[in-house]
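# Structure assessment
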Amino acid sequence: MAPLLEVRNLAKSFTVAPGMLGGKERRLQAVDDVSFTVEEGETLGLVGESGCGKSTTGRLILRLIEADHGDVLFRGQELLHLNNRQMRPLRRGMQMIFQDPYASLNPRMRIGEIVGEPLKIHGIAKGAALKDEVVRLLATVGLTAEHYHRYPHEFSGGQRQRVGIARALAVRPSLIIADEPVSALDLSIQAQVVNLMQDIQKEFGLTYVFIAHDLSVIEHISDRVAVMYLGRIVELASSESLYRAPRHPYSEALLNAVPIPDPSRKSGRVPLKGEVPSPINPPSGCHFHPRCPYAREICGKERPPLEDQGGGHLAACHFSEEVGKFRTF
Ligand code: SF4
């Protein structure tokens, strides 16, 4: 059976205006030849530091921004060449949950109107049936009918994200792209929202692309994880395989940086050196080479292809068989 979502060679660059000191316009390659599939009912975690292109990838899939080239297939149907009228029925099947629930909810609308709006737009329900459905959706995400008439500012961050989830769920999508849905929340609330997302995934048979900058957040929810660095996927593997034995030095460094609650275990002794380089002028060859403890001459010259290292575990590294030497987790 075809995957629910297939992304092939997706690319997007942006023009960067000249700075205060003049100069030429430059191109920023935000997403560079990205390919992956997501099976029905699966959760793919998409992870990397800020500016790595993960959120842009999510927006390209939903066509909130347009790709330069590549293909996005949803249930086998190519999306990027469809016009607005052709896209409309497909949009119902794909929804997004945003990082900042406050910014994504209209402050002048009551919660009931916010959650019910997609039902109205798509002509799914009206009148009393609309209200009943909204109350049911609120209950699904752990809110009550009392919340129906309130405004977003009366809610906590966690509650607002529950409203965002109810709104996304309203049109019964099959795919949800969750763009850092818990990053703005307190740690204790993060787990509640992730648990809620797992519960509704089972209940509604949802497929997720779950975007995060922190590997620890997506460990338990992801079946597979794609790690991005400066616009490229550098590793893609089952969650189990990636967390147990990463095959790319960048993933290893991210895992080294995850805090471990047990003080008797070593952790974080090899911090990731340096900042993420500018995507306007990324390092040659393997983009990670200036920060990589395994780097050798070839790394600055040749881009390593994303290749199967065995058992469907993909990594883009000339020396992936050596990865593990600097591991502290
Ligand atoms: Fe490091 Fe070289 Fe592998 Fe890139 S290709 S991750 S620089 S060892």
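This text goes with the structure placed above it.
Residues numbered from 1 in each chain as written. Predicted model: local features only at pLDDT ≥ 70, side-chain atom pairs only at ≥ 80, totals over all residues. Heavy atoms only, no water.

### Here's the deal with the pairing of strand β6 (residues 94-97)
Of the two faces of β6, the one holding M94 and M96 and the one holding Q95 and I97 are both buried throughout. Note that β6 and strand β7 (residues 175-179) share four bridges and pair parallel. What sits directly across from I97, in β7, is A178. (Buried < 20%, exposed > 50% of the residue type's maximum accessible area, 1.4 Å probe, protein only. Helix = DSSP H or I, 4+ residues; strand = E, 2+ residues; numbered from the N terminus. Pairing = 2+ DSSP bridges.)

### Thoughts on the sheet that holds β6
Spatial strand order, β6-β7-β8-β3-β9-β10-β12-β11: eight strands in an open sheet with mixed pairing. In this open sheet, the two edge strands, each paired with only one partner strand, are β6 and β11 (307-308). Bridge analysis of β11 against strand β12 (residues 314-315) gives two bridges, and the strand direction is antiparallel. From the neighbouring strand, E307 faces β12, where its bridge partner is A315.

### Structural notes on the nonpolar core
Residues M197, L215 and I218 are the most contacted members of the largest nonpolar core, which totals 57 residues. Leaving out residues up to four positions away in the same chain, I218 has contacts with G45, L46, V47, F210, A212, V225 and Y243. Membership of the second largest hydrophobic core comes to 32 residues, among which are F36, L60, L62 and M94. (Core = buried A, V, L, I, M, F, W, Y, C linked by side-chain atoms within 4.5 Å. Contact = heavy atoms within 4.5 Å.)

### Structural notes on the site of the ligand
Near the ligand, the surroundings consist of 13 residues, among which C286, C292, C299, C317 and H318 are the closest. Taking a 2 Å distance to the grid points as the criterion, the majority of the atoms of the ligand fall inside the largest cavity. In the shell around the ligand, the residues fall into 10 nonpolar, three polar and no charged. (Near = heavy atom within 4 Å. 1 Å grid on protein atoms, 1.4 Å probe; cavity = no way out; pocket = protein on both sides within 12 Å on 5 of 7 lines; lining within 4 Å. Sits in = over half its atoms within 2 Å of the grid points. Nonpolar A, V, L, I, M, F, W, Y, C, P; charged D, E, K, R; others polar.)

### Some points on the pattern of salt bridges
Applying the stated rule across the entire model yields 17 salt bridges. R8 is the partner of E6 in a salt bridge, and the nearest nitrogen-oxygen pair spans 3.1 Å. Between R167 and E117 there is a salt bridge, with its nearest N and O atoms 2.8 Å apart. Taken together, the positions of R167 in helix α6 (residues 157-169) and E117 in helix α4 (residues 111-121) put the pair 50 residues apart, joining distant regions of the chain. Judged by relative accessible area, which is 26%, R167 ranks as partly exposed. A single network of salt bridges, built from pairs that share partners, joins D32, R232 and R303. (Salt bridge = Lys/Arg side-chain N within 4 Å of Asp/Glu carboxyl O.)

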